[in-house]
Every structure is written in structure tokens, then in C-alpha cells.
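Commentary on secondary and tertiary structure
Residue-level listing of the chains:
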Amino acid sequence: MNASEVKSLVTLGKRAYGQAMEPVCLRHGITRMELDVLLFLANNPGHDTAAELVSLRGLTKSHVSAAVAALESRGLLSRCHRDGNRKTVHLAPLPGAEPVIADGQAAQQRLYAALLQGFAPEECAMLQRAGDRFVENLHRILE
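Here is what the cut-offs are and how they apply
- Residues numbered from 1 in each chain as written.
- Predicted model: local features only at pLDDT ≥ 70, side-chain atom pairs only at ≥ 80, totals over all residues.
- Heavy atoms only, no water.
- Core = buried A, V, L, I, M, F, W, Y, C linked by side-chain atoms within 4.5 Å.
- Buried < 20%, exposed > 50% of the residue type's maximum accessible area, 1.4 Å probe, protein only.
- Helix = DSSP H or I, 4+ residues; strand = E, 2+ residues; numbered from the N terminus.
- Contact = heavy atoms within 4.5 Å.
- Pairing = 2+ DSSP bridges.
- 1 Å grid on protein atoms, 1.4 Å probe; cavity = no way out; pocket = protein on both sides within 12 Å on 5 of 7 lines; lining within 4 Å.
- Points joined across faces, edges and corners; volume = space filled by probe spheres on them.
- Nonpolar A, V, L, I, M, F, W, Y, C, P; charged D, E, K, R; others polar.

**Observations regarding the nonpolar core**
Core analysis: the biggest nonpolar cluster contains 27 residues, and Met-21, Leu-35, Val-37, Leu-38, Leu-53 and Leu-77 have the highest contact counts within it. Within the residue set of this core, elements represented by two or more residues are helix 1 (3–28), helix 2 (32–43), helix 4 (61–73) and helix 5 (98–115). At seven residues, the largest contribution of residues to this core is made by helix 2. Apart from residues no more than four positions distant in its own chain, Val-37 is found in contact with Leu-53, Ala-67, Val-68, Leu-71 and Leu-77.

Written out as C-alpha cells, the structure is:
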């Protein structure tokens, strides 16, 4: 696979993911960024700060900040400080966010199932190993 094909794959993946998430956003009256914040927090236990959202997902600080403020104003997200640390703000979805998160995760699962359609279990395992190695290489490149 050459660089152009990799870029096309990434672009197609982003489009497919956006298409999968759009009905969830419409159903719950939230933006894609707001959904991304909730799903990140739900899918990545232990990573619960806006700074981690920015660094791990490559999102812009201003967009994350606006999404967090909107979610908080709707009663879907809380901010808190821990262990006397007044600098770091930890984010947590509130019970009202559970239906949004469940719908988002179901949409993610449907997309992943569609992506793996027609692959044998051993092929899926091979893809997992190759993907893990790909991520390791990316981390090494970015060091």
C-alpha cells in the first residue's frame, strides 16, 4: 500500500465513521464533537481530561472546550477536580448521557461489523496484529 492509498483509506474511514455517527447526533440533538467527547470518555477509561482528548484524538482545544461547555450546560457532563489538584479538570459523563453513549457505541459496533464483513476469524486476528504493529510504528515515528 503506497502513501496515496493510505491517505485514501484514512479519508474513507473518516467519511464512513461520520456517516455512522450522523443519525446518533440527529436523534439526540448534539453535535458530532459533543458525541466524540462522550464516546471518548466512555471508551477510554482513565483518560478523562480535555487535554487527553486533544492529544489522543487530535482534536482542537477550542472545539473540545466548546463541546464540554455545551454538554455540561445540558446536564450530560460534569467537571471536577481531584486530590486537591486545582489545575487538572476531570470530565465525567452524567446519567443523562447514557442513552447517547449507548446509541453511539451501537453505531460504532455496526460500523466495525460492516468493515469486517466477509473476513474469517483468523483474518480478523491478523488484521488486529497488523494494526497493533502499525500503531506501534506510528508512536515510534512521533517520538
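Additional details are given in the paragraphs that follow.
**Some remarks on the pairing of strand 1 (residues 77–82)**
Here strand 1 pairs with strand 2 (residues 85–93) via five bridges, running antiparallel. By the bridge assignment for strand 2, Ser-78 is matched with Ala-92. Joining the antiparallel neighbours strand 1 and strand 2 is a turn of two residues, in which Asp-83 adopts a positive phi near 55 degrees.

**Some points on the side chain of Asp-36**
Tracing the backbone shows Asp-36 in helix 2. You can call Asp-36 buried: its relative accessible area is 5%.

**Some words on the layout of surface pockets**
Reported here for the largest pocket is a volume of approximately 2,200 Å³. Surrounding the largest pocket, 36 residues form its lining, Val-10, Gly-13, Tyr-112, Phe-134 and Val-135 being those nearest its centre. When contributions to the lining of the largest pocket are tallied by element, the ones reaching two or more residues are helix 1, helix 2, helix 3 (50–57), helix 5 and helix 6 (121–142). Looking at which element gives the most residues to the lining of the largest pocket, the answer is helix 6, with 11 residues. Split by residue class, the lining of the largest pocket holds 23 nonpolar, nine polar and four charged. Reported here for the second largest pocket is a volume of approximately 190 Å³. Breaking the lining of the second largest pocket down by element, the ones donating at least two residues are helix 3, helix 4 and strand 2. Looking at the lining of the second largest pocket, the element that brings in the most residues is strand 2, giving four residues. Per-class residue counts for the lining of the second largest pocket are five nonpolar, three polar and two charged.

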